[in-house]
Each structure stands twice: as structure tokens, then as C-alpha cells.
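# Topology and contacts: notes
What follows is the residue order along each chain.
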Amino acid sequence: MLRILRAFAWMRWRMLINSFEKTGSRDTLERFSIAAENLGPIIATLLLVPTSLVLAGVGGAAGYALGSGDAESILIAAARYLLIFVPVLAIVGPLVLPAADRANPVRLLLLPIPPSTLYVAQSSVAFGDIWNLLVLPLVIGIPAGIAATGEWPAALVVLTGSMLLVLVVVGVASVATCALALIV
């Protein structure tokens, strides 16, 4: 399974590198367009780092408030509303921002690869969506904040629930993307 996933990662890397290489069949405007298309996610990642740090701070402060027994904190309410909104974005997101570089899962079923490996490869692409990336610092910050108060058993329970939430959101995003691909 790891060998197949490495092959998928290598294929994505080669597609990125090949898009930057100069070929005689492309004019300057087309090369600039392809470079901007490939550099856009890199620039977006650099802009998302401060947002991720803020969300990790909010999650840590909310977790610390939970661990301290302050259930009426505004940070807990903010984290709760953000986490409620993420599954909705996972469903609506593919309609608003469809990912053009995702492979058609029906076509990939023709390859001699186990379906479970294809599901892992297809679902890992869901972390390319902004809302799936930005939920990670929040769901890791909450158990870290609880653990900072010394409530280790509660932190482990919340960490387990956080990882289950991430898995559910990624699964919902994969189903929504596949359903959109089938409809289109």
C-alpha cells in the first residue's frame, strides 16, 4: 500500500515539475498561466500559516478554559461554532471551489490497485481544501489546552474525538467531491 501511495505522490510531484519546464510548444503567456496556477497554492499556503497559528491559539485557549472548568468562555463558543461550520463547508465546498486536479475515482478503479488504497489516496487530496487544512490546528489545539491544565484523560478523549471529526469531515468531503464528479 505504501509503495502505491508513494507512486501517487511521485506522479503529483512530476506533474508539478513538468509544468514549470520550458517547452517550445508553449508561448510565454501560456507558461505564465501554468506557473501562476501551480504557484497559487504555494502562495496561499504561505498566507494560511498565520491563520493556522491563530486557530491553534484559539483552540489551545479554548481547551485551557475547558480544562479549568470555565465552560462559559467566549473562546469555547467560537471554537464550537467553527467546528460546527466545517462539515457544512465540506459538503458545499466542492460545489463552490471544485478541485480541477483531482482524478476521477471511477476511472482509477480500473487500475490494479486495492480499493482501500485508492480511497486513502483520494481522501488525502481532501486536505488540499482550505477548510480541511484550517480545522487541524483547531482540533489539535483544544486537547493540547486541556492537557496543559493537567487533565490528561480528558485530553486523550478529546483528542480521539477530534481525530474522528477530522476523519468524518474528510470522508464527507470525499463523498461530496465524488458525487459532484458523477453528476458532472
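Residues numbered from 1 in each chain as written. Predicted model: local features only at pLDDT ≥ 70, side-chain atom pairs only at ≥ 80, totals over all residues. Heavy atoms only, no water.

### Re the overall build of the protein chain
- Along the protein chain, the regular secondary structure elements total seven helices and zero strands.
- When the elements of the protein chain are put in sequence order from the N terminus, they spell out α-α-α-α-α-α-α.
- Approximately 11700 Å² of the protein chain is accessible, and the part contributed by carbon and sulfur atoms is 74%.
- Computed over 10 positive and 9 negative side-chain charges, the separation of the two mean positions in the protein chain equals 14 Å. (Helix = DSSP H or I, 4+ residues; strand = E, 2+ residues; numbered from the N terminus. Areas by Shrake-Rupley, 256 points an atom, 1.4 Å probe, with all protein chains shown as cover. Lys, Arg positive; Asp, Glu negative; His and termini not counted. Charge placed at Lys NZ, Arg CZ, Asp CG, Glu CD.)

### Examining helix H6 (residues 130-148)
- Compared with an ideal rise of 1.5 Å per residue, which puts 19 residues at 27 Å, H6 spans 28 Å between its outermost C-alpha atoms and is within 8% of the ideal.
- Just beyond H6, the residue with positive phi is glycine 150, at close to 95°. (Expected span 1.5 Å × (residues − 1).)

### Examining the packing of helix H2 (residues 28-68) against H6
- Axis separation between H2 and H6 bottoms out at 6 Å; the angle between their running directions is 35°. As for the relative orientation of H2 and H6, their crossing is right-handed in sense. Listed contacts from H6 to Leu48, Thr51, Ser52, Leu55, Ala56, Val58, Gly59, Gly60, Gly63, Tyr64, Leu66 and Gly67 of H2 are Ile130, Leu134, Pro137, Leu138, Gly141, Ile142, Gly145, Ile146 and Ala148.
- Here the residues of the contact of H2 with H6 are counted per class, giving 13 nonpolar, eight polar and no charged. (Axes fitted to C-alpha atoms, helices over the stretch in contact; angles between N-to-C directions. Left-handed = near helix turned anticlockwise from the far one by under 90°. Contact = heavy atoms within 4.5 Å. Nonpolar A, V, L, I, M, F, W, Y, C, P; charged D, E, K, R; others polar.)

### Regarding the nonpolar core
- With 20 residues, the main nonpolar core has Ala79, Leu83, Ala90, Val135, Val139 and Ile142 as its most contacted residues.
- Mapped onto this core, the elements with two or more residues apiece are H2, helix H3 (74-96), H6 and helix H7 (152-183).
- It is H6 that contributes the most residues to this core, seven residues altogether.
- Sequence-distant contacts of leucine 83, defined by excluding residues within four places in its chain, comprise Val135, Leu138, Val139, Ile142 and Leu165.
- In this structure, Phe8, Ile113, Leu118 and Ala121 belong to the second largest nonpolar core, which totals five residues. (Core = buried A, V, L, I, M, F, W, Y, C linked by side-chain atoms within 4.5 Å. Buried < 20%, exposed > 50% of the residue type's maximum accessible area, 1.4 Å probe, protein only.)

### Description of the environment of alanine 44
- By the secondary structure assignment, alanine 44 is in helix H2.
- When its relative accessible area of 31% is taken as the criterion, alanine 44 is described as partly exposed.
- Along the sequence, alanine 44 and isoleucine 130 sit 86 residues apart, while their C-alpha atoms lie 9.2 Å from each other.

### Points about the confidence of the model for the protein chain
- Residues of the protein chain with pLDDT of at least 70 account for 90%, and the chain-wide mean is 81.
- Ranking the elements of the protein chain by mean pLDDT puts helix H4 (residues 105-108) last, at 68, and H6 first, at 89. (pLDDT = per-residue confidence, 0-100.)

### A look at the side chain of threonine 117
- Mapped onto the fold, threonine 117 is located in helix H5 (residues 115-124).
- Among all residues touching threonine 117, those that are not within four sequence positions of it are Met1, Ile4 and Leu5.

### Some remarks on the packing of H3 against H7
- One can describe the packing of H3 onto H7 by two numbers: an axis separation of 7 Å at closest approach and a directional angle of 20°. The orientation of H3 with respect to H7, classified from their angle, is roughly parallel. Between H3 and H7 the crossing geometry is right-handed. Along the contact surface, H3 presents Leu83, Val86, Pro87, Ala90, Ile91, Pro94 and Leu95, while H7 presents Leu165, Val169, Val172, Ala173, Ala176, Thr177 and Leu180.
- By residue class, the composition of the contact of H3 with H7 is 13 nonpolar, one polar and no charged. (Parallel < 35°, antiparallel > 145°, perpendicular 65-115°, else oblique.)

### Describing a nonpolar patch on the surface
- Judged by side-chain polarity, Phe85, Val88, Ile91, Val92, Leu95, Val96 and Leu97 come together as a nonpolar surface patch covering roughly 670 Å² of accessible area.
- Given the relative accessible area of 58%, leucine 95 is considered exposed. (Patch = residues over 30% accessible without salt bridge, like charges linked within 9 Å, V, L, I, M, F, W, Y side chains within 5 Å. Salt bridge = Lys/Arg side-chain N within 4 Å of Asp/Glu carboxyl O.)

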